[in-house]
Amino acid sequence: MISESALLEKLPRGLFIGGEWQDGSRGTFPVKDPATGETLVEIADADAADGIRALDAAVAAQDAWAATPARTRSDILRRAFDLLTERADEFALLMTLEMGKPLAEARGEVTYGGEFLRWFSEEAVRISGRYGMTPEGTGRMVVSQRPVGPCFFITPWNFPLAMATRKIAPALAAGCTVVVKPAELTPLTTLAFVQLLVEAGLPEGVVNVITTTTSAAVSGPIIADPRLRKLSFTGSTPVGKKLIAQAAEGVLRVSMELGGNAPFVVFDDADLDAAVDGAMAAKFRNIGQACTAANRFIVHADVAEAFADRVSERVRAMKIGRGTEEGVQIGPLIDEKAVAGTAALVQDAVDRGATVRAGGSAIDGPGTFFEPTVITEVAAGSDILREEIFGPVLAIATFRGEDEAVRLANDTEYGLVSYVFTRDLARGHRMIDRLETGMMGLNVGVVSNAAAPFGGVKQSGMGREGGLEGIHEYLSTKYTLIPAS
């Protein structure tokens, strides 16, 4: 594997606008390793004018890219997939350095992120419409699809590669050009990825990347520009609401993948071994820093103690450390703010009567680490049941009947994903209908797949990414009537 220093040395560090690497008008800013607190590299810091120049480049390239044959767009995405596969170890290491996730998980993200390139390379050539007579027989209807136009993407820090490919791949497949603003905390993977796209043959101006420490100041003018036609954001619900309000002024198409508060329901007839395996995956993947992470473990009272014992034993055995170390399962949280927020949620639950069964504390020393934690007897009204944890804390509450489980699971403003463990097939089907989420895992702890539509309901957002539905977020439907001859 390439060394850390060699990987960082070859990394581009500028803004990418119109096919060229450029300096940022605000100078540079540091990107830090959350496991050590040390600076990895300094990269370009954009201002609002830089953002508009990036949009200028996307607008200038839009017509030519939309007219590019679908097969050509497909081939570029496929070459990008092949290049990413060849360099999987490099991208995995880069994500571990800037975000902190264990290297094994980072390799998994490379595989997951790459699948969006492969999936949408195949969807690019399948964009279709329909043709037929009107019911009255007076004319012929032609329904066609065309690219929405220039898009602006704001991506989060927790999945630096997959969240970029999940947005960029369908946009390119549909014929849209793009401006991407990666998170300030983890921008390096996006810079490396756009360099890979250029190697795959992407024309100048089709994808542009702006990195900045002044997100609102840079994003606002881009969103307000009448040439922009689409906004996609992954992040918190409060920020998403503000962006939706800004997008409303220009009646932009929006896709919003926002916060989650996922229930993980374990019925008394569940296979406890499978439920524990599912819980470990649903909770501790990405150090608990995922919108799909199980947030509220709602466990039948008859099996709650056995479930808590098993997960606590597994959690106590987890290895904590820098993600590059062999066997590490829990890396650092992204920053000190994340550590403080996680600690506050645990303390509030304890103050209300919860019991800490494993972990429970921040770890002193370099880096921003928090022990993987299990707490039980979590009381109704506890902050940890209402707020997204975004940390390695498994909080258990109990229930008795199915109706109570459904009520507790749906008692949130969010509705991204839910998890249910039961051996009763009929009950499983009832949960599909009764739980108010856009996705559900039935006897499984990870649901994400490039071939499936990812997204939520209620305040977890709107629109879908991935699957057959994903490319339609970047297409507009046009109807033409031709008089019957």
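Residues numbered from 1 in each chain as written. Predicted model: local features only at pLDDT ≥ 70, side-chain atom pairs only at ≥ 80, totals over all residues. Heavy atoms only, no water.

## Topic: the overall build of the chain
Here's step 1: For the chain, the helix and strand inventory stands at 16 helices and 22 strands.
Here's step 2: Viewed in the frame of its principal axes, the chain has a C-alpha envelope of about 70 × 65 × 40 Å.
Here's step 3: Considering the chain as a whole, with its 485 residues, one finds that 56% of them fall into the buried category.
Here's step 4: The long-range fraction of contacts in the chain, counting pairs at least 24 apart against all pairs at least 6 apart in sequence, stands at 73%. (Helix = DSSP H or I, 4+ residues; strand = E, 2+ residues; numbered from the N terminus. Buried < 20%, exposed > 50% of the residue type's maximum accessible area, 1.4 Å probe, protein only. Contact = heavy atoms within 4.5 Å.)

## Topic: the UniProt feature "active site" (unreviewed entry) in the chain
Here's step 1: Feature annotation in UniProt places "active site" (unreviewed entry) on Glu257, given in this structure's numbering.
Here's step 2: If you trace the backbone, Glu257 turns up in strand 11 (residues 253-257).
Here's step 3: What Glu257 contacts, discounting residues up to four positions off in sequence, is Met163, Arg166, Phe233, Thr234, Gly235, Cys291, Leu416, Phe454, Ser460 and Glu465. (UniProt positions renumbered as here; feature names shortened; annotations may be inferred.)

## Comments concerning the packing of aromatic side chains
Here's step 1: What the rule picks out here adds up to 9 aromatic pairs.
Here's step 2: Ring geometry for Trp157 versus Phe390: centroids 5.7 Å apart, planes at 85°, classification edge-to-face. Within this pair, whereas Trp157 is found in the loop between strand 7 (151-154) and helix 6 (162-174), its partner Phe390 is found in the loop between helix 13 (383-386) and strand 18 (393-399), the two being separated by 233 residues in sequence.
Here's step 3: For the ring pair Phe264 and Phe297, a centre distance of 4.8 Å and an interplane angle of 35° mean the geometry is tilted. Here the residue Phe264 occupies a position in strand 12 (residues 262-266), and Phe297 occupies one in strand 13 (residues 294-300), the gap between them amounting to 33 residues. This pair shows no difference in class: Phe264 is buried, exactly as Phe297 is.
Here's step 4: In this structure, Arg166 is placed above the aromatic ring of Phe454, and the distance from its NZ or CZ to the ring centre is 3.9 Å.
Here's step 5: When the ring centre of Phe267 is taken as reference, the NZ or CZ atom of Arg427 above it lies at 4.3 Å. (Phe/Tyr/Trp six-rings, centres within 6.5 Å; stacked < 30°, edge-to-face > 60°. Lys NZ or Arg CZ within 6 Å of the ring centre and 35° of its normal.)

## Here's the deal with the packing of helix 3 (residues 70-86) against helix 7 (residues 188-199)
Here's step 1: Remark: helix 3 packs on helix 7, axes separated minimally by 9 Å, with the N-to-C direction vectors making an angle of 125°. The orientation of helix 3 relative to helix 7 falls into the category oblique. In terms of crossing hand, the pair formed by helix 3 and helix 7 is right-handed. Only Leu196, Leu197 and Glu199 of helix 7 make contact with helix 3, whose side of the interface consists of Ala80, Leu83 and Leu84.
Here's step 2: By residue class, the composition of the contact of helix 3 with helix 7 is 5 nonpolar, no polar and 1 charged. (Axes fitted to C-alpha atoms, helices over the stretch in contact; angles between N-to-C directions. Parallel < 35°, antiparallel > 145°, perpendicular 65-115°, else oblique. Left-handed = near helix turned anticlockwise from the far one by under 90°. Nonpolar A, V, L, I, M, F, W, Y, C, P; charged D, E, K, R; others polar.)

## Looking at the packing of helix 14 (residues 402-410) against helix 15 (residues 425-434)
Here's step 1: Running from amino to carboxyl end, helix 14 crosses helix 15 at an angle of 35°, the nearest separation of the two axes being 11 Å. Note that helix 14 runs across helix 15; the crossing there is right-handed. In contact with Glu402, Asp403, Val406 and Asn410 of helix 14, helix 15 contributes Arg427, Arg430, Met431 and Arg434.
Here's step 2: Looking at side-chain class alone, the contact of helix 14 with helix 15 contains 2 nonpolar, 1 polar and 5 charged residues.

## Brief notes about the sheet that holds strand 12
Here's step 1: The 7 strands lie next to each other as 14-17-18-13-12-19-20, forming an open sheet whose pairing is mixed. Taken across any chain shown, the strands that pair with only one partner, and hence form the sheet edges, are strand 14 (355-358) and strand 20 (439-442). The average angle at which neighbouring strand axes cross in this sheet is 25°, direction not considered.
Here's step 2: With 3 bridges joining them, strand 14 and strand 17 (residues 373-376) adopt antiparallel strand pairing. (Pairing = 2+ DSSP bridges.)

## Side note on the side chain of Thr368
Here's step 1: One can find Thr368 in the loop between strand 15 (362-363) and strand 16 (369-370).
Here's step 2: Note on Thr368: relative accessible area 8%, which makes it buried.
Here's step 3: Here Leu333 takes part through its backbone oxygen, which lies 2.5 Å from a polar atom of the side chain of Thr368.
Here's step 4: In contact with Thr368, not counting residues within four places along its chain, are Pro34, Pro332, Leu333, Ile334, Asp335, Glu336 and Val339. (Polar contact = N/O pair within 3.5 Å; in protein donor to acceptor, adjacent residues only side chain to side chain.)

## A closer look at the pattern of salt bridges
Any two side chains of opposite charge can pair, so long as their charged atoms come close to each other.
Here's step 1: For the structure on display, the rule yields 30 salt bridges.
Here's step 2: Here Glu4 ties to Arg322 by a salt bridge, and the two come within 2.9 Å at their closest N and O atoms. One end of the pair, Glu4, is in helix 1 (residues 4-9); the other, Arg322, is in the loop between helix 11 (301-316) and helix 12 (336-351), with 318 residues separating them in the sequence.
Here's step 3: Residue classification places Glu4 among the partly exposed positions, given a relative accessible area of 29%.
Here's step 4: Where Lys101 meets Glu109, a salt bridge forms, and the shortest distance between an N and an O atom there is 2.3 Å. (Salt bridge = Lys/Arg side-chain N within 4 Å of Asp/Glu carboxyl O.)

## Remarks on the nonpolar core
Here's step 1: The biggest cluster of nonpolar side chains holds 120 residues, and the ones touching the most others in it are Val207, Phe264, Phe307 and Ile384.
Here's step 2: The biggest single contributor to this core is helix 6, with 9 residues.
Here's step 3: The contacts of Val207, once residues within four sequence positions are left out, are Phe16, Ile168, Leu172, Val178, Val180, Val194, Leu197 and Leu202.
Here's step 4: Core analysis: the next-biggest nonpolar cluster, separate from the first, contains 24 residues, Ile17, Ala44, Phe152 and Ile223 among them. (Core = buried A, V, L, I, M, F, W, Y, C linked by side-chain atoms within 4.5 Å.)

## Brief notes about the UniProt feature "domain: Aldehyde dehydrogenase" (unreviewed entry) in the chain
Here's step 1: Residues annotated in UniProt with the feature "domain: Aldehyde dehydrogenase" (unreviewed entry) correspond here to residues 21-479.
Here's step 2: Taken end to end, residues 21-479 is 41% helix and 20% strand, and its two terminal C-alpha atoms sit 41 Å from one another.

## Describing the environment of Tyr414
Here's step 1: Turning to its location among the elements, Tyr414 is positioned in the loop between helix 14 and strand 19 (417-421).
Here's step 2: For Tyr414, a relative accessible area of 13% puts it in the buried group.
Here's step 3: In this structure, the C-alpha to C-alpha distance between Tyr414 and Val178, residues 236 residues apart in sequence, is 29 Å.
Here's step 4: A distance of 3.3 Å separates polar atoms of two side chains, one belonging to Tyr414 and the other to Glu413.

## A few points about helix 2 (residues 48-67)
Here's step 1: With 20 residues, helix 2 extends 30 Å from end C-alpha to end C-alpha; this agrees with the ideal 28 Å at 1.5 Å per step.
Here's step 2: Ala61 marks where helix 2 bends most, by close to 40°.
Here's step 3: Taken as a whole, helix 2 has its buried residues at Asp50, Gly51, Ala54, Leu55, Ala57, Ala58, Ala61, Gln62 and Trp65.
Here's step 4: Where helix 2 begins, the capping side chain belongs to Asp47, and its oxygen is found 3.1 Å from the backbone nitrogen of Ala49. (Expected span 1.5 Å × (residues − 1). Bend = angle between axes of the 7 residues up to and from the residue.)

## Remarks on helix 15
Here's step 1: Of the positions making up helix 15, those classed as buried are Arg427, Gly428 and Met431. Projected down its long axis, helix 15 carries its buried residues within an arc of 105°, all on one side. Exposed residues on helix 15 whose side chains face more than 90 degrees from its buried face are Leu425 and Asp433.
Here's step 2: For helix 15, the elements touching its buried residues are helix 14, strand 19 and strand 20. (Arc of directions from axis to C-beta.)

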